[in-house]
Amino acid sequence: DAKTTQPPSMDCAEGRAANLPCNHSTISGNEYVYWYRQIHSQGPQYIIHGLKNNETNEMASLIITEDRKSSTLILPHATLRDTAVYYCIVEEKLTFGTGTRLTIIP
Amino acid sequence: EAGVAQSPRYKIIEKRQSVAFWCNPISGHATLYWYQQILGQGPKLLIQFQNNGVVDDSQLPKDRFSAERLKGVDSTLKIQPAKLEDSAVYLCASSLFGTSEGWETQYFGPGTRLLVL
């Protein structure tokens, strides 16, 4: 079973920041938080990962709370191409839950 | 660089028939994974290879599913005989080293969509 909890769906207006939450209250000290996304009819795509510190790359930012029990993926300026299912995973062997279906609204 | 290649992209078979899927990972990647993704669910790991050895096949239904990676490069996943509940997308992924080297990115192929009638 997945060790994370995510809302099943979210909407975000195009051009705004999309903030996707994830709860992982049972995360252990050496487990990373990973985010992948899956655009319709494609395989999952890696976005970002982190352990304790906040991380940023060209795709997104990852904010991890100090107690590491939750995190937020931020897409700073969402575009229509960001419409996808977003998976938050906290195991080294990827165990995908059902993710959050993010829809970007024009 | 070229991504993970999979074929066929689509396959329709009748129950009790056999089917095989092929995967060619990114060049130089030691680790190869097969996932099953049923409609509306996230991918589920079926088997993981490191080079040509099996690392984890705990979730592979071994009575009907088999997989091989004979030369440590390409891999084939077979279902024999297929059941209706095998209808799913079968995803192949690869990574450079594998979990023994710590965290690393998995790169996924486009998947093979199987429909069992």
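Residues numbered from 1 in each chain as written. Chains lettered and ligands numbered in written order. Predicted model: local features only at pLDDT ≥ 70, side-chain atom pairs only at ≥ 80, totals over all residues. Heavy atoms only, no water.

Engineer: Sorry, what's going on with the interface of chain B and chain A here?
Structural biologist: How big an interface is tends to be stated in terms of the accessible area lost upon association of its parts. The interface is formed by 19 residues belonging to chain B together with 17 residues belonging to chain A. Around 1,500 Å² of area is buried between chain B and chain A when both sides are counted, 57% of it from carbon and sulfur atoms. Seen at the junction of chain B and chain A, the total is zero salt bridges. At the surface where chain B touches chain A, the tally comes to four residue pairs in polar contact (both at pLDDT 80 or more). Those elements giving two or more residues to the side of chain B that touches chain A turn out to be β4 (31-37) and β6 (53-56) of chain B. Grouping the amino acids of the side of chain B that touches chain A by side-chain chemistry returns seven nonpolar, nine polar and three charged. (Contact = heavy atoms within 4.5 Å. Buried area = accessible area lost by both parts, 1.4 Å probe. Salt bridge = Lys/Arg side-chain N within 4 Å of Asp/Glu carboxyl O. Polar contact = N/O pair within 3.5 Å; in protein donor to acceptor, adjacent residues only side chain to side chain. Helix = DSSP H or I, 4+ residues; strand = E, 2+ residues; numbered from the N terminus. Nonpolar A, V, L, I, M, F, W, Y, C, P; charged D, E, K, R; others polar.)

Engineer: Got a minute to help me understand the state of the cysteines in this structure?
Structural biologist: Disulfides are covalent bonds that link the sulfur atoms of two cysteine residues. Counted under the stated rule, the structure contains two disulfides over all chains. Linked covalently through their sulfurs, C22 of chain A and C88 of chain A form a disulfide whose S-S length is 2.1 Å. Looking along the S-S bond of the C22 of chain A-C88 of chain A disulfide, the torsion reads about -80°, which is the left-handed sense. Of this pair, C22 of chain A sits in strand β2 (residues 18-23) while C88 of chain A sits in strand β8 (residues 84-89); the two residues are 66 residues apart in sequence, bridging distant segments of the chain. Of the two residues examined, C22 of chain A and C88 of chain A, each falls in the buried class. Shown here is the disulfide that connects C23 of chain B with C92 of chain B, its sulfur atoms set 1.9 Å apart. Classification of the bridge connecting C23 of chain B and C92 of chain B rests on its S-S torsion, roughly -70°, and on that basis the disulfide is left-handed. (Disulfide = S-S within 2.5 Å. Buried < 20%, exposed > 50% of the residue type's maximum accessible area, 1.4 Å probe, protein only.)

Engineer: I'm lost on the side chain of T4 of chain A in this one. Help?
Structural biologist: Residue and element names in this part refer to chain A. Summarising the element assignment, T4 is placed in the segment before β1 (9-13). For T4, a relative accessible area of 16% corresponds to the buried category. Only 3.0 Å separates the side chain of T4 from the backbone oxygen of C88, close enough to count as a polar contact.

Engineer: Where do I start with the sheet that holds strand β4 (residues 45-50) of chain A in this structure?
Structural biologist: Pairing between the strands of a sheet is mediated by backbone hydrogen bonds and can be parallel or antiparallel. Residues and elements named next belong to chain A. The strand order across the open sheet formed by five strands is β1-β9-β8-β3-β4, and the pairing between neighbours is mixed. Unpaired on one side and paired on the other, β1 and β4 mark the two borders of the sheet. The average undirected angle you get between the axes of adjacent strands in this sheet is 25°. (Pairing = 2+ DSSP bridges. Axes fitted to C-alpha atoms, helices over the stretch in contact; angles between N-to-C directions.)

Engineer: Just checking my understanding: could you explain a nonpolar patch on the surface for this structure?
Structural biologist: Residues and elements named next belong to chain B. There is a patch of nonpolar side chains on the surface, built from I12, L115 and L117 and spanning about 300 Å² of accessible area. Positionally, I12 belongs in strand β2 (residues 10-13). For I12, a relative accessible area of 60% corresponds to the exposed category. (Patch = residues over 30% accessible without salt bridge, like charges linked within 9 Å, V, L, I, M, F, W, Y side chains within 5 Å. Areas by Shrake-Rupley, 256 points an atom, 1.4 Å probe, with all protein chains shown as cover.)

Engineer: I'm lost on the pairing of strand β8 (residues 75-79) of chain B in this one. Help?
Structural biologist: Taken residue by residue, a regular strand's side chains alternate between the two faces of the sheet. Residues and elements named next belong to chain B. Every second residue of β8 is oriented toward a common face, the buried set being S75, L77 and I79 and the non-buried set T76 and K78. Sheet topology places strand β3 (residues 19-24) next to β8; five bridges connect them, and they run antiparallel. Across the sheet, the residue bridging to V19 is I79, located in β8. Direction of pairing for strand β7 (residues 65-68) relative to β8: antiparallel, over a ladder of four bridges. What sits directly across from A67, in β8, is L77. Hairpin remark: β7 followed by β8, antiparallel, with six residues in the connecting loop; positive phi at G72, about 75°.

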